[in-house]
Structure formats: structure tokens, C-alpha cells
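Coordinate analysis (summary)
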4 protein chains.
Amino acid sequence: GILERLNAGEVVVGDGGYVMQLERRGYVKAGHWTPEAAVEHPEAVRQLHKEFLRAGADVIQTFTFYCSDDKLELSGNVTTITGAQINDAACNLAGEVANEGGALVAGGVSQTPCYLKTNSETEVKAIFKKQMDYFLQKDIDFFIVEFFEHVEEAVWAVEVLKSSRKPVAATLCIAPQGDMNGVPPGECAVRLVKAGADIVGINCHLDPLTGVRTVKMMKEGLEKAGLRAHLMVQPLGFHTPECNIGGYVSLPEFPFALETRAMTRWDVHKYAREAYKAGIRYIGGCCGFEPYHIRAIAEELSAERGFLPPGSEKHGLWGAALEFHTKPWVRARARREYWENLLPASGRPKCPSMATPADGYQND
Amino acid sequence: GILERLNAGEVVVGDGGYVMQLERRGYVKAGHWTPEAAVEHPEAVRQLHKEFLRAGADVIQTFTFYCSDDKLELSGNVTTITGAQINDAACNLAGEVANEGGALVAGGVSQTPCYLKTNSETEVKAIFKKQMDYFLQKDIDFFIVEFFEHVEEAVWAVEVLKSSRKPVAATLCIAPQGDMNGVPPGECAVRLVKAGADIVGINCHLDPLTGVRTVKMMKEGLEKAGLRAHLMVQPLGFHTPECNIGGYVSLPEFPFALETRAMTRWDVHKYAREAYKAGIRYIGGCCGFEPYHIRAIAEELSAERGFLPPGSEKHGLWGAALEFHTKPWVRARARREYWENLLPASGRPKCPSMATPADGYQND
Amino acid sequence: GILERLNAGEVVVGDGGYVMQLERRGYVKAGHWTPEAAVEHPEAVRQLHKEFLRAGADVIQTFTFYCSDDKLELSGNVTTITGAQINDAACNLAGEVANEGGALVAGGVSQTPCYLKTNSETEVKAIFKKQMDYFLQKDIDFFIVEFFEHVEEAVWAVEVLKSSRKPVAATLCIAPQGDMNGVPPGECAVRLVKAGADIVGINCHLDPLTGVRTVKMMKEGLEKAGLRAHLMVQPLGFHTPECNIGGYVSLPEFPFALETRAMTRWDVHKYAREAYKAGIRYIGGCCGFEPYHIRAIAEELSAERGFLPPGSEKHGLWGAALEFHTKPWVRARARREYWENLLPASGRPKCPSMATPADGYQND
Amino acid sequence: GILERLNAGEVVVGDGGYVMQLERRGYVKAGHWTPEAAVEHPEAVRQLHKEFLRAGADVIQTFTFYCSDDKLELSGNVTTITGAQINDAACNLAGEVANEGGALVAGGVSQTPCYLKTNSETEVKAIFKKQMDYFLQKDIDFFIVEFFEHVEEAVWAVEVLKSSRKPVAATLCIAPQGDMNGVPPGECAVRLVKAGADIVGINCHLDPLTGVRTVKMMKEGLEKAGLRAHLMVQPLGFHTPECNIGGYVSLPEFPFALETRAMTRWDVHKYAREAYKAGIRYIGGCCGFEPYHIRAIAEELSAERGFLPPGSEKHGLWGAALEFHTKPWVRARARREYWENLLPASGRPKCPSMATPADGYQND
């Protein structure tokens, strides 16, 4: 199980971002980002699972992002397919692929429109309970509570899911400044652990180094409170230096012009190392993390993990595959120093480096 | 067939780039970029074919890039798999997927190491003949001669493939400055058409608007010579304003830090329109073109084509899917003017806009 | 006197940067930046004084930067000219020009090499005493203690100069992070006021908005301590977003490639308004502030001051002078919105937006 | 005289830009850029002459830019001062300063509004005749016909001024694309030399390397026509890679936000070397060239010239003055390689590298 691995000191590599990558592949609609593709195009979801597995992922998350009934209804994306059907199909796909590689299956639960609309603990918990019951009919290994902007709602999710007696990981999509109500990361972590979370951390919304920084603040909060938990980080695969609490949703480029902000594999090497140094042992990615980014985590930490992922058979470490390129100046790039120090040009001389994020998220 | 469609004035949407996208998915090794994945991981190749088809591609190219025996041997990537096996598997995959959507299958042939090593017409033509024979055992619709830096070698390929009596398209990876021997684009086009090519144009190496510019020069060359052919363009999906004859291979970011140069879908809209206005009717992409880029071609030209691609069911035109987003400032992006005028920031304040390309390609 | 004006609530406009501007004009040597030009080329110093006066400066500072004997000797720039001679000439020049426009003369004293070398209060104070005595032979209105990296040394300077019974302004070249010993801005201000400073603030080293932010911290420190003083700011005329405690000296561009960071006059408008809103009433500039930047302060605050500076006879407010340009698109720029919203391009596509500052200042 | 020096193979260093620098100092009004400061504030003009002389200029140009009566009247800047008075004062100032350093005095004549309004050779020539007569009452050494957008008008000016039997230099403010009527640089040069110009070249409007390129085209034109003349270049001190025929007037930053485009002294070193290598021997600057930029020309070519300018006493070559700086990382910059290779950051992460120039100049 996940806790055995983490308790043993292992590095657990997470998988990457599904909805944004499947949007680019043609199977998810931007905006509400609902996961009906698990039913409509299972081969596409299966293939992406396989790619993350091959890249070194130790966990395959069910493709159930934003899969609560209230969100599905609100989205308008789904008419003849139910949440139960999606959940069922997603668990099958994740399980099938995880099985091929000895990976764990994590059932994912995310924030609900109901919380913002009603703030009713009873109603919101009923939604999570329903999702949990679907998962428990399937063979999942643990739960991930992810993409929560309010720690209060995440705590409710943890409380429900802990009733299953399965391990629960909880990641908020928050900034170092805290959750949407201003609860600082350290305090968020304390509340989540007190609610029963075994693993805490952050996901999505901000870039990798900011994510690591936020998890460090969680760690410090836990230490001050005399609590213990495993740490986890699954950040954006984009550079977002100008963002804070609103995250990348506040960027002018969201969601259809983020290409130029994408991390290179070498950016991921730095991130994986920083995360490891911060004591984080569950290291993955969220939106923007493609299979080769996950492979970069596994490659950076191959000494600590003791092995390379299957996908590395098609990848020389630090560009080694270029050693026999026909152009001499490309051959000269088959080394770590070259890629570590390169500052990639954008090829876009009319574009700036930083944008002005919208700051309306507080009135929202 | 392809010529019937083009003769009828139809717009033919090509597919996107295979090797670079499959590298990111974990199935191709950068450097020699050989296509053994067709045998090793057919599900990965099949899935990418399906995504391009769904995005609107009218042609599925066989995944046979750099599949000549001399290249496969040189690469060191393949030991127990033969070129014949790859070719066979690739034709099966392309045919199977094309069949699902009424698309055509194009057998692709690319430049050979043998040409640079021997410059022997006999030896090089023997290689192309061998590849042609594999293809003719399968049910392909036409040939694409692509990624040739020297028009002389491309002419040889055309001459061989025309002996099959199937239509032949020929695209060079050249700049407006001409091929590696300095033969200008107009003259290249004339030679290719005289050799029998039914369709001529460019692919890879330079950005879309440069690609369109080069094809225009081909068109002018043909007109001056009193020749006629259909025009085709399958450029890079990256911004490369500082490159010329050496193409993107001469950029410091090649091949592992090109992310920041990637085109957005809106860049592709502009490209598709420019290509159409230039009289080009076979419009696709090469390295860097992902499924959503191909969909953008099909969406930009949906009025001319009379329909949207299947993948558009998951994509509101010009961001329309954002109309019901929860954040008001994101809802405000559900319109063409927003995306057309956006200059995306890189989020990388220490990176420049342009790089200094290597210029060693001439001594090579 | 200066205090009467400030006590009456007037806005006092300071002058700009001498050493860097005179370096560009050919009269100061970069590196030690000593002011021997007051003796060698009085016409050059006089002319720059006149330009600042004409731009709206209410104070003319004596050109005595780094004019302590130990610094002059260390610099190697001066052999036959003494500190006394420079001081004498500088006071004459400042007095002569100030007289032409009803401006005040401020005698400037800056940090000494002796402090770092000996940390001896006695020795350092003796240096300041000697400089003070020179000034008191001349007709100056008040003292400015400026460009101190350590508040301790600035306190010593204030203590010495207050013995003259003339008003003393004290500005540190520090960041929001505090002085070189880590004393925070609020605490620095308290110590300076307790030592007798009538006016406190910052100068040089960081960009205008950072300067205003630091002075706000000083203001808060004074308020908490129940102390009162006038506030002053004379920041860099360069954009330095990536700098902190080391200031612009830590930038790779220092001192010979700072052009591209220079503020426009419109940047200065924003700065002057922010400074005013922060309660600062002595507003000027340091290195990088040319006469037209000082004029921009006077123009932004012309309503509060009740008049425009003489130099505005050659300057339409907000570009009004372009109203009759021959090109229609230039005429369209004769308005505030245009210049307020313009993001000027650098014309340098191979240059990044931000640099990596040296961080060795702490070991130094 | 100027021709003796050039015939002897000497490098002649020109002076820099007056109007834009005096605008920043508070004495010239942007828009019409007229030179009434010669009468109103002679000390300011004299000082700038002195600075250019000290920086190494071999020629001092009279401050008579746009000083034809029709332009002065159109500008509205001048009411009680006549063109004759300005001309008189400007000649006195230039002569006085040139005398101090053995420099030559050049009387400058620029394009007239009359040309665009009437296109009358008689009327335009009458204006130049009147200006020439003023100059001939003074002791000038030669004429510079400068800032002409139409070669036709420049030819008329040359024809008039040659009647004085003094040497005439003629510089157009044109791009490699040619003058405003599309006459290419080579043809322009031929016409000017045939009209009597002893020296031809370009000034203003475009950046230094583009200026050198245009003068090379002039040289080739002359060679083809079997003509000979000395070559001259006095370009902008700004980077303008995106401009063509419209020049920097078409940039959104013109004229009040050009700071970020300013050349460093090291950019000028490269320019001076390129100009020298192109065979140009009269090398100076126009708008944006401050005294330290002129000094950089003189320093780059000090070996060829055999001496350093007086201003170099305050300037270590290639940053040598930093050798004794207190910070070790600044000391490390006292060498040529550092400054030659530095790509200066703008400190402006929301600003792009390139702008979109207005292109209305053709309808104008």
C-alpha cells in the first residue's frame, strides 16, 4: 500500500495531468473539464494512463476529476452518462493499467459547486459519501482529495473518506498566501491531518517551485503542532511567477495560450530535486505535466529509487541520445551542463515575460 | 483519391507530427527519431493516429519516418526488428485508423544517410525501391516524399515512387533561401514536378508562416515554368523567427527545450488562413503539431470545408467553451478578439525572445 | 529653510543623480565616482545644477559625493586636488546656481571607507567633523547624510552634523530587508531620528517603487515609536525588480550597461504620485535621474505645488507637444492614456527581462 | 579641412545628437525639435558642444537643425527670435568650442516643410540659399546636408551649397529600402555625388548596424557608377530591429519612451568597428548618441587614430576603472570579454522585445 511505501522511505512518483492533456488530444472540453471521456473514449484515457505508468508513475489516479453529480450537471457536458458510469469506467481503466505495472490505484475526489453554493456540511458530505461508495465497489488502494481551494471543504472530504479505513491523501490548490479564506498553509495541514489525512500537500494552480515552498510551510505547521504526515506535491507544469492566490486561472493565457509557459524536462529535474530535498516523498504533477515530465522526475531520482522507468529506454539521461546526431553542434548537447544552463528563447519577440493576472478572484 | 479531392478544389487537412509527440509520450528516442514503436508499442501509434483523425485529418501518414534500412542500422535503436516489419506494422495501423474515418493513407519516405555518404543515384534509388515494394504489398493511397534537404535526392525518390503509378506528394524541409545546395524553392518545385510529383511543398524545419512563404516561392517558380501542381505545407509547430537554411535543428533549444516556442491553437488559425489564401490546399503540420493544432486547421477552414471535425464536439470555437466558467474574467475570454490579440507571456523573465542559431550546417 | 517648507506642507522636489550623469558627460570616473570635477570642470557641474534647477528642483546638493579624504585617497583619482578644494568649489557652484532660482543648498556627506576598515566611532566622526567644518565656512542651508549602507555610521554622521544646529536629512541606501547588518527600515528610521535627523528616508540602490515601499516601512517604525520626522526619497532611475539588499551594484549591468533599465518620464509620474500618496514630501532622485526625470516629478505634482517648473516651457504635459507633429500616428500620442499604458519594447530580442544578481555582498 | 583629413586616410569622429539630448536637459521641445536654445540658453548648447569635443569629436556641428524659416514658423516654438539670430548664435557657439580643441565646424542644413508642400525647386533652393548666406558670414569649415527623406531635396541642397565652394557632406535619413520615393541607397549616393557632394552617407532614423549596411549599399552604387566619394554615418543611438523605411518615428516608443532601446557604450564599439571595416571614415551619431557614446567610437578606433580623446582620462578602456571597486564581482567586470558578451536585462518583465511599428508613413 501507499503508506507502507512511504513509511519505508521510498520515493513515490505520481502521475501527471489528465484533463488538460486530454483536452489537447481532443477528449475533454475546457471550461468545466469533466471526465466523461472515461466512458466515451476509454482507449484515450487508457493510453494516457499507460504513458504515465511507462514514465515511472507508481500511482495511477482514476480519471474522475470534477465527477460529482452537481458538477457534471452544471457543466452541461454530460447528458446521457451518469457520474456512476464514469466512476465505474474510470476505476476499471486505472485498475487495468496499474495492474500491468504494479502501480497503486488512487480514487480522486475534488471540490464541489455545492460547497460554494450552500456551504452545507451535510449536503457536501453526502456528495463525497456517494462518490466514496462508488469507489468502494471497485478495487482502489487509497483516496486522493485534490484541487480544493477551501481547506474547510477538504476537511469534510477527508472525514468522509476516512470512514472507509483506506489511506487518504489531501492536496489543496493553494498558494503560500493560504486558502481562499486566508488560512495559511501550515494551519491547513494541521486541520487536514487532524481530520485524518495520512498524506498532505498541494496540487495544481501554481508552478513547481512555488508548490514545494507551500508544502514546506505545511511541514513547518505540522512540526509546530507536533503532528506527523507524509508530504505530497503535484504542481502545475507551467511557469507562473506572477501568480499568487488566484493561481494560473488568473493569467491572461489561461487556458488556451499556456504553451509558452510549459516546463521543459530540465525544469522538472530541478523541481524533483527541490521537492526531495524538502522532505517530500510523493512527487508528481498536475495540469501541464505530460508523460515526459513524469519521466524526468523518475530520472532525477533514479539513484534514490534504484531504478529507471521503462520509458527511459527511449531517453538518454541528460540528452545522451544526441551523442550520435549528424550535426556536431547537436552532438555537443549530449551533456547535463548544456541543458541545465540553457535559458530557452521563446521565438516570440512581441511577447512579454510576465503578464498581469486578473485579481477578481476575491469577489467571486 | 487524393488527386480527386484536390482537383475538386477541396481543402485536405494533413495530420501532425509523430516522432516528437511520441518522444514526449515515451515511445521514440530523440536523435535518430526512428519509428520502431509501430512494432513495439502499436497501441501508442494507433492512438495518435486516432487523435489526428478525430482532429480533422483527411490523411493518415504511415509511421515510417526515417525507416530506410541504412538509417535504422545507423541509429542503433533497432536490433531485432527489421525495416520490413516496421513498414508492415505501420501500414496496418494507419490503414486501420484511416478506415474508421474515411481518411486516405499516405506512405511516407524520407531522406537517407546513403545519399550524403555515397551520392549514388543507383544505391539511393534501390533503397526507395525497397520501401516502395513494402508499401505496395499494403493498401496505401498515395506516397509522400518528405523531409528532404536536397532536392536532388527528393527527385530520385519521386522518380522511383512514380513507377508505382500512385500519386506522389513531395515536400522538402527547406527555407526560402533554398535547399542545402542553394537551389531556390521555385527551381526545386520545377524539378520535382518534372520528375513526376503531383503535389509539392515543404515540411518541418521552419515555422508555419515561413513555410507558407516558401511554398509561395515554389508556386511562382512553377508558374514561370508553365507547370502545374497541387501545393502542400506541413511546417513546424514552433516559432523560429531567427532561423534560416539550418532550420530549427540549429536552435540551442533543439530538441529538448522547444516548449516555449510552441504555437498556440490561435497561431494555427492564422497559419491555416494564410496557407489557404496562398492557394495551398493540402494543409497539415510536422514536428510540434499536436492533435489540437490539427483541429485548429480544420476549425479555421470549416466554412470552406463545410463541416467541423469530430474533435470539435469537445471544443467551442474561439474559446466558446469558457462561456460558463465560474470566474467572470475567464468567461470574458469566450470570444475571438481576445485570443486573436493576446500576446502570451512566457513566465520566464530570465529567458530572451530570440536565440543565436548555430551556423555550422554548411561545414557539415 | 527646508523645515519651514516641509512644516508648511509643501512638496519639496529634490535634484537628480550627479555622478552617473557626469560620467556619461565625461567628467567622472566610474568605480570610485569621486567629485573632483567640481574643481577640474566647474562649467560641467554648474550646467547640471542649472538643469536640475530648471527642471523644478527646490534643493541643489553640493557635488561632494564620496568626498571624504580617505575615499579620495583610496580612489587614486585625485592627486593634486584636496578634499577641501573640492568642497569649497562645490559649495560655490551649488550656491551660485541655487541663488538664481531661490533654491536651497544642501551639503552632502556620504559613507566612508574608514567605517568598514576600522569601525571606530572616533575616527569616522572626525572625518565627518572635518567635512562639516568645510561646509560651515560656506553658506549652506542644511545637510544631507546620504548613501549609507549601515545605519550605525549614518547615526554617527547625524550626531556630528547636528552639532551645527542646521537641519539634517538622512537617507540610507537600503532595501526593505534592512541595512547591511539586517536592521529593518523602521528601526533604522527610529535610530536616525533619535540621533537628531529632521528628515529620514532612502536614496539610490533600488528602483523608485521599492524606495517608496522602504520609506513607508520607516514611517511605520516611527509611528510605532511615537516619533515624528519628515520623509524623503531619492531612488534610482532604473528598474531593478530582481534586486534586494545588494541593490543595483549586484546587477550584471552595473555600471556600464544599465541603459535598458532606465525609467521613462512616465514611470517617474507614477513614482511621484506613489511617493506623495505615501506621505513623502521631499521627492527627488539619485543615479539615473536626469533633468527630465526631475521635471516629471514637478509636473506630476504641479497641482499640489501650484506651479510648473521653468523647464516645462519646453515640454507639453503628457506629450502635448506632439499635437502638431507631421505624422498622424505621432499626433495621436499627445495624450496621457497613450503614455501611461505603453509598455516600451527593448528592441533587443536576445536580451532577457531579468538578470541574476550577484549575491556576494554578504561575504564582503 | 575635412577633405584633407579624409584624403589622408584619417578617421574623423563626428559629434552626437543635439536635439534629443537637449530635450532631456530641458532646452528643446519635442515635436518640432527647433534650435532656438542657441539664443535662449547658449550655455546649455555650449556645454554639450564641449562634451562632444572632449569625447573625441573632430567636428562640431552648428546647432541649426530644422532652422529654415518655414519650419521655425510652422513650429510655433519661436516668436521673437529669427532664424538669422539662431544661425548667428549657433555659429558662434560651435566656433568657440571647436576652437578650443582644433575641431572643424560644420554648418548643418536639413529638410524643409516647403519641399513637401510645394515641391518647388525654386522656392526650396531659395531657403537653402538664405541659410547658406548666414553661414558664409561666419567661419565654418564645411556643410552638412542632413536628415533628408527625399534624395531630390537633398540634391537641391547640395547644388546650392556647392556654390559656396566649401566641401559638402550629404546624409539621408533613409533605410536600406531607399528614400521615401523608393530610390535605392546606391542610386541616392550617385545622385548626390553627381550634384557635388564630397561625402555621402546616412544619419538618424535607424540603428547603427542598419546605418552601416545602408552606407555599404551607397558605396556599391558609387563603385558601379565609377564615382568616388568619402563615406559617412551618423545613425541613431537606439536599437530598432523592427523598423524599415519609416524609421524610429514609426515606433510606439517615439519620442518619449525610447530609453530601453538605448545603446550601451559596448554596442557602440561594435558599431564603430563595423563602420570602419566597411570603409567609412567619418563616423559619428545622431539622436540618442550622448557624449559617452562618441567617446566609445574614439576609444574603439584609438589604435587607428593614434590617440585617445580627452574624456578618456575619466574612463578606463573596457571597464578598467572597475579594477579597484570594493565588490569583488564588480572588479571581475574590468575586462573586455565581460562587456562584449553581456546581454543586458531590461528589468521590465511586462515589456516585449519588439514593437509593431506604425506603417502609415506612406500615406502621409
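Residues numbered from 1 in each chain as written. Chains lettered and ligands numbered in written order. Predicted model: local features only at pLDDT ≥ 70, side-chain atom pairs only at ≥ 80, totals over all residues. Heavy atoms only, no water.

Looking up chain A in an unreviewed UniProt entry gives the name Betaine--homocysteine S-methyltransferase 1-like, with the organism given as Gouania willdenowi. Turning to chain A, the UniProt record has this under Subunit (unreviewed entry): "Homotetramer." In its Pathway (unreviewed entry) section, the UniProt record describing chain A reads: "Amino-acid biosynthesis; L-methionine biosynthesis via de novo pathway; L-methionine from L-homocysteine (BhmT route): step 1/1." (UniProt positions renumbered as here; feature names shortened; annotations may be inferred.)

Right, let's talk about the sheet that holds strand E3 (residues 104-110) of chain C for a bit. Residues and elements named next belong to chain C. The eight strands lie next to each other as E1-E8-E7-E6-E5-E4-E3-E2, forming an open sheet whose pairing is parallel. The open sheet has two free edges, formed respectively by strand E1 (12-13) and strand E2 (59-61), since each of these has just one partner strand. Sheet topology places E1 next to strand E8 (residues 282-283); two bridges connect them, and they run parallel. Residue pairing across strands places Val12 opposite Tyr282, the latter belonging to E8. (Pairing = 2+ DSSP bridges. Helix = DSSP H or I, 4+ residues; strand = E, 2+ residues; numbered from the N terminus.)

Attention now moves to the pairing of strand E3 (residues 104-110) of chain D. All names here are of chain D. Of all seven residues in E3, seven are buried; the element is thus mostly enclosed. Where burial is concerned, the two faces of E3 agree: the one with Leu104, Ala106, Gly108 and Ser110 and the one with Val105, Gly107 and Val109 are both buried. Direction of pairing for strand E2 (residues 59-61) relative to E3: parallel, over a ladder of three bridges. Bridge pairing links Val59 to Leu104 in E3. (Buried < 20%, exposed > 50% of the residue type's maximum accessible area, 1.4 Å probe, protein only.)

Sheet architecture is open: eight strands sit in the order E1-E8-E7-E6-E5-E4-E3-E2 (chain B), paired in parallel fashion. With one partner strand each, in any of the chains shown, strand E1 (12-13) and strand E2 (59-61) of chain B form the two edges of the open sheet.

All names here are of chain D. The contact between helix H12 (residues 265-277) and helix H13 (residues 291-300) brings their axes to 8 Å, and the two run at 45°. Comparing their axes, H13 and H12 come out oblique. By crossing handedness, the relation of H12 to H13 is classed as right-handed. Between H12 and H13, the contacting residues are Arg265, Val268, His269, Tyr271, Ala272 and Arg273 on the first element and Tyr292, His293, Arg295, Ala296, Ile297, Glu299 and Glu300 on the second. Taken together, the residues that form the contact of H12 with H13 break down as six nonpolar, two polar and five charged. (Axes fitted to C-alpha atoms, helices over the stretch in contact; angles between N-to-C directions. Parallel < 35°, antiparallel > 145°, perpendicular 65-115°, else oblique. Left-handed = near helix turned anticlockwise from the far one by under 90°. Contact = heavy atoms within 4.5 Å. Nonpolar A, V, L, I, M, F, W, Y, C, P; charged D, E, K, R; others polar.)

Applying the stated criterion across every chain yields a total of 72 aromatic pairs over all chains. Consider the rings of Phe238 of chain C and Tyr248 of chain C, whose centres lie 6.3 Å apart with planes at 20°: the pair is stacked. Residue Phe238 of chain C is located in the loop between strand E7 (230-234) and helix H12 (265-277), and its partner Tyr248 of chain C is located in the loop between E7 and H12; the two are separated by 10 residues in the primary sequence. A centroid spacing of 5.8 Å and a plane angle of 80° characterise the contact between Phe135 of chain D and Phe143 of chain D, whose relative ring orientation is edge-to-face. The pair Phe135 of chain D / Phe143 of chain D is uniform in exposure class, with both members buried. Of the aromatic side chains, those joined through ring pairs into one cluster are Phe256 of chain A together with Trp266, Trp318, Tyr338 and Trp339 of chain B. The ring of Tyr276 of chain A has Arg281 of chain A sitting right over it, with the charged end atom 3.8 Å from the ring centre. (Phe/Tyr/Trp six-rings, centres within 6.5 Å; stacked < 30°, edge-to-face > 60°. Lys NZ or Arg CZ within 6 Å of the ring centre and 35° of its normal.)

Before going further, it helps to examine the relation of the copies chain D and chain C. These two copies of the chain differ by a rotation about an axis and a displacement along the same axis. The two copies are related by a screw operation: chain D maps onto chain C through 180° of rotation and 0.0 Å of translation along the axis, at an RMSD of 0.0 Å. In short, the pair behaves as if placed about a two-fold rotation axis. Measuring from the rotation axis to each C-alpha of chain D, the shortest distance belongs to Thr260 of chain D, at 1.9 Å. (Least-squares fit on C-alpha atoms with pLDDT ≥ 70 in both.)

Residue and element names in this part refer to chain D. Along its 19 residues, helix H6 (residues 83-101) runs 27 Å from first to last C-alpha, staying within 8% of the 27 Å computed at 1.5 Å per residue. Within H6, burial applies to Gly83, Ile86, Asn87, Ala89, Ala90, Cys91, Leu93, Ala94, Val97 and Ala98. Buried residues along H6 sit in contact with helix H3 (37-40), helix H4 (42-55), E2, helix H5 (69-75), E3 and helix H8 (121-136). Just downstream of H6, Gly102 is the residue with a positive phi angle, here 65°. (Expected span 1.5 Å × (residues − 1).)

A few words on the UniProt feature "domain: Hcy-binding" (unreviewed entry) in chain A. In the numbering used here, UniProt assigns the feature "domain: Hcy-binding" (unreviewed entry) to residues 1-301 of chain A. The straight-line gap between the two end C-alpha atoms of residues 1-301 of chain A is 21 Å; of that span, 47% is helix and 12% is strand.

To continue, consider the pairing of strand E3 (residues 104-110) of chain B. As judged from the five bridges shared by E3 of chain B and strand E4 (residues 142-148) of chain B, these two strands associate in the parallel manner. Bridging from a neighbouring strand, Ala106 of chain B pairs with Phe142 of chain B of E4 of chain B.

Listed per partner, the contact involves 81 residues of chain D and 81 residues of chain C. Carbon and sulfur atoms supply 53% of the area buried between chain D and chain C, which totals about 7200 Å² over both sides. Among the residues of chain D in contact with chain C, Phe256, Lys314 and Trp329 of chain D are the three that bury the most area, contributing 11% of the side total. At the boundary of chain D with chain C, the tally comes to 12 salt bridges. Connecting chain D to chain C are 39 residue pairs in polar contact (both at pLDDT 80 or more). Contributions of two or more residues to the side of chain D that touches chain C are made by helix H2 (19-25), H4, H12, H13, helix H15 (328-331) and helix H16 (336-341) of chain D. Sort the elements by how many residues they give to the side of chain D that touches chain C and H4 of chain D lands first, with six residues. (Buried area = accessible area lost by both parts, 1.4 Å probe. Salt bridge = Lys/Arg side-chain N within 4 Å of Asp/Glu carboxyl O. Polar contact = N/O pair within 3.5 Å; in protein donor to acceptor, adjacent residues only side chain to side chain.)

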